[in-house]
Amino acid sequence: LKRNSKLTFDVLIHKVDGAKFYSEDRKVECQTIIHDKLTEELADKVQECSINFHCTSIYDHSIFEAFSKIVQKLIPEKVLLEQCLQS
């Protein structure tokens, strides 16, 4: 069984503007809890992986920014495209 050594998970924590996320500390606490549970769950299934978190809301640009970052990682020619746009 061959495994992808560049495996990444992108977790979108949505509605961070809601009552459960009443402070920045609470957002970090919830993100830590989710990270720990996900890491524990994946420990015996995946040897090495990267987990990225994106806190999002529909009331600002965060949801669009998160999806943009995720899609950009999927474009293998991203550096070349950026160079073409800058020249």
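Just above, that's the structure.
Residues numbered from 1 in each chain as written. Predicted model: local features only at pLDDT ≥ 70, side-chain atom pairs only at ≥ 80, totals over all residues. Heavy atoms only, no water.

With respect to the pattern of salt bridges
Phase 1: Applying the stated criterion across every chain yields a total of 5 salt bridges.
Phase 2: Here E24 makes a salt bridge to K27, at a shortest N to O gap of 3.9 Å. With E24 and K27 both in helix α1 (residues 24-42) and 3 residues apart, this pair spans about one turn of that helix.
Phase 3: Relative accessible area serves as the criterion here: at 53%, E24 is assigned to the exposed category.
Phase 4: Here K69 and E65 are joined by a salt bridge, their closest N and O atoms 3.3 Å apart. (Salt bridge = Lys/Arg side-chain N within 4 Å of Asp/Glu carboxyl O. Helix = DSSP H or I, 4+ residues; strand = E, 2+ residues; numbered from the N terminus. Buried < 20%, exposed > 50% of the residue type's maximum accessible area, 1.4 Å probe, protein only.)

Observations concerning the state of the cysteines
Phase 1: Enumeration over the complete set of coordinates arrives at 0 disulfides.
Phase 2: Residue C55 stays outside any disulfide, its sulfur separated by 8.9 Å from that of C30, the closest cysteine. (Disulfide = S-S within 2.5 Å.)

Concerning the side chain of S62
Phase 1: Structurally, S62 can be placed in helix α2 (residues 62-73).
Phase 2: Of note is the side chain of S62, whose polar atom sits 2.9 Å from the backbone nitrogen of S57.
Phase 3: When near neighbours in sequence (up to four residues on either side) are disregarded, S62 contacts C55, T56 and S57. (Polar contact = N/O pair within 3.5 Å; in protein donor to acceptor, adjacent residues only side chain to side chain. Contact = heavy atoms within 4.5 Å.)

Focus: the layout of surface pockets
The probe, sized like a water molecule, is rolled over the atoms to show the empty space still left.
Phase 1: Approximately 200 Å³ is the volume found for the largest pocket.
Phase 2: Lining the largest pocket are K6, T8, D10, I70, K73 and L74.
Phase 3: Put simply, the parts of the chain that give the lining of the largest pocket at least two residues each are β1 (8-14) and α2.
Phase 4: In terms of residue class, the lining of the largest pocket is made up of 2 nonpolar, 1 polar and 3 charged. (1 Å grid on protein atoms, 1.4 Å probe; cavity = no way out; pocket = protein on both sides within 12 Å on 5 of 7 lines; lining within 4 Å. Points joined across faces, edges and corners; volume = space filled by probe spheres on them. Nonpolar A, V, L, I, M, F, W, Y, C, P; charged D, E, K, R; others polar.)

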